[in-house]
Amino acid sequence: MQITTGCIETAQKVVVYGPEGIGKSTLASQFPKPLFIDTEGSSKRLNVSRTHYPSSWSMLISLVEEFKRDAMGFQTLVLDTADWAEMLAINHVLNTILVNGVGMAGIEDYGYGKGYVYVAEAFGRLLNLLTDVVRKGINVVVTAHAQMRKFEQPHEMGAYDRWELKCSRRVAALLKEWADMVLFANFETFVINVDNQGAQKGKNKATGSKRVIYTVHHACWDAKNRHDLPDKIDLEYSKIAHLIPATINASPSVVPPAPAVKEVKKEVPAPVTVPEEAPDVPLDSPLNPEDVLPDALLDLMKPQKVTVDEIKQAVSFKGYYPLETPISRYDPAFVSGVLIGAWPQVEKIIIERRGSACQQIAI
């Protein structure tokens, strides 16, 4: 048993949320050496480093896994934003979790809230990966939009409006539990009484506002921090800079894991398997004019330079479609559920077949 005492400095897990245009992405860009995974394009006007736009959930997971293997000198990973990433997770669930062999048109079609459970399960796996990044001593910032919701507490009179993360309730709860700091950014409005009769009787007028960050929980918003920050600070990175380490070697034993998500039994298309024979079609054969591929699949093919022929070889050996069938003629459900939804397995097989082919050539 290893016992430690005293404070332990670790990389930080930070959630920054607020209304559109408040400056969430700008604040995240001021963290030490950030790399943006921009799911919505909000970093276009910022002079920052960013990955290729993730057009699918599988690609988003692949980007985080690749960053986990090699951070390339970056000290902060920024996911911008969580609510747009959740939309990718929803599309992934709709394409991969089938009911009687059929995908659902909407997340609520699964019934009894099951669709949102599937989404939360997928998002929980993403948070586990982000926790692994933090364990390597790299800060993680997740931004999100905010929305007003009507809130009513038990045994209280009436309901009131409060700001919440613009995510499904399950995903929002996971994010708040996962983070070391949940910072709510908003405009603080200044109001004066214009006829000197008092705020309760006279006419009031807004005279201006400034951007602030709320750092502790309030009846009207969610927020938290573990650093004894003031309840309200200016929306400036300098106010929290002393809490954000640039580099640190965090120990996995002292970093809490991401919140566990209950596994839900689901139907997922079987991964493609290929016999041990080497492919007999050149890997660099020209693209068939009929092989018009969806952008999400093209994005997944780029990192390892996977060709159309390699995909068609795997599909042909499995017996789904003849080798000469253009991918554009595949069933859309097969493309989204297997080629895109189970891409890590497909890519692994293709890479293994490349190695097998090279060994045969050497012999």
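The preceding data block contains the structure.
Attention here is on the structure that accompanies the text. Note that the coordinates shown come from a computational prediction; the quantities given were computed from them, not determined experimentally. (Residues numbered from 1 in each chain as written. Predicted model: local features only at pLDDT ≥ 70, side-chain atom pairs only at ≥ 80, totals over all residues. Heavy atoms only, no water.)

## Section: the overall build of the protein chain
For the protein chain, the count of helices and strands is 9 helices and 9 strands. Counting every position in the protein chain, which comprises 363 residues, the buried fraction comes to 47%. Residue pairs in contact within the protein chain that sit at least 24 positions apart in sequence constitute 67% of those at least 6 positions apart. In the structure as shown, the protein chain presents an accessible area of about 19,500 Å², 53% of it carried by carbon and sulfur atoms. (Helix = DSSP H or I, 4+ residues; strand = E, 2+ residues; numbered from the N terminus. Buried < 20%, exposed > 50% of the residue type's maximum accessible area, 1.4 Å probe, protein only. Contact = heavy atoms within 4.5 Å. Areas by Shrake-Rupley, 256 points an atom, 1.4 Å probe, with all protein chains shown as cover.)

## Details of the pattern of salt bridges
Here the structure, examined in full by the defined rule, presents 13 salt bridges. Asp234 serves as the salt-bridge partner of Lys210, at 3.3 Å between the closest nitrogen and oxygen. With Lys210 in strand 8 (residues 204–214) and Asp234 in strand 9 (residues 232–234), this residue pair connects regions lying 24 residues apart in the sequence. It is possible to trace a salt-bridge network through shared partners that takes in Arg149, Arg162, Glu164, Lys176 and Asp222. (Salt bridge = Lys/Arg side-chain N within 4 Å of Asp/Glu carboxyl O.)

## Topic: the packing of aromatic side chains
Considering all chains together, one arrives at 8 aromatic pairs under this definition. Both rings, one in Phe31 and one in Tyr237, keep their centres 5.1 Å apart while their planes meet at 55°; by these two values the pair is tilted. Within this pair, whereas Phe31 is found in the loop between helix 1 (24–29) and strand 2 (34–38), its partner Tyr237 is found in the loop between strand 9 and helix 6 (295–301), the two being separated by 206 residues in sequence. Residue Tyr237 is classed as buried on the basis of its relative accessible area of 14%. On the basis of an interplanar angle of 80° and a centroid distance of 5.4 Å, the ring pair of Tyr110 and Tyr118 is categorised as edge-to-face. Aromatic rings pair up to connect Tyr17, Trp163, Phe184, Tyr214 and Trp221 into one cluster. (Phe/Tyr/Trp six-rings, centres within 6.5 Å; stacked < 30°, edge-to-face > 60°.)

## Here's the deal with unusual backbone geometry
Residue Thr81 is reached from Asp80 by a cis peptide bond, and omega for that bond is 10°. Looking at where Thr81 falls in the secondary structure, it is placed in the loop between strand 4 (76–80) and helix 3 (82–96). Phi at Lys305 takes a positive value of approximately 55°, unusual for a residue other than glycine.

## A closer look at the environment of Gly41
By the secondary structure assignment, Gly41 is in the loop between strand 2 and strand 3 (49–50). For Gly41, a relative accessible area of 23% gives the class partly exposed.

## Some thoughts on the pairing of strand 2
The buried fraction of strand 2 is high, at 5 of 5 residues. Alternating positions in strand 2 separate into two faces, Pro34, Phe36 and Asp38 on one and Leu35 and Ile37 on the other, with burial throughout. In this sheet, strand 4 lies alongside strand 2 in parallel orientation, the contact comprising 5 bridges. Bridge pairing in strand 4 places Leu35 opposite Leu77. (Pairing = 2+ DSSP bridges.)

## Quick look at the side chain of His92
Within the secondary structure layout, His92 lies in helix 3. Given a relative accessible area of 18%, His92 falls into the buried group.

## Re the packing of helix 2 (residues 57–69) against helix 3
At a minimum axis separation of 8 Å, helix 2 and helix 3 run at an interaxial angle of 125°. If you check the angle between helix 2 and helix 3, you find them oblique. Of helix 3, the residues touching helix 2 (which contributes Trp57, Ser58 and Leu60) are Ala85, Leu88, Ala89 and His92. Within the contact of helix 2 with helix 3, the residues separate by chemical class into 5 nonpolar, 2 polar and no charged. (Axes fitted to C-alpha atoms, helices over the stretch in contact; angles between N-to-C directions. Parallel < 35°, antiparallel > 145°, perpendicular 65-115°, else oblique. Nonpolar A, V, L, I, M, F, W, Y, C, P; charged D, E, K, R; others polar.)

Geometric descriptors of this kind do not, in isolation, establish any biological role.
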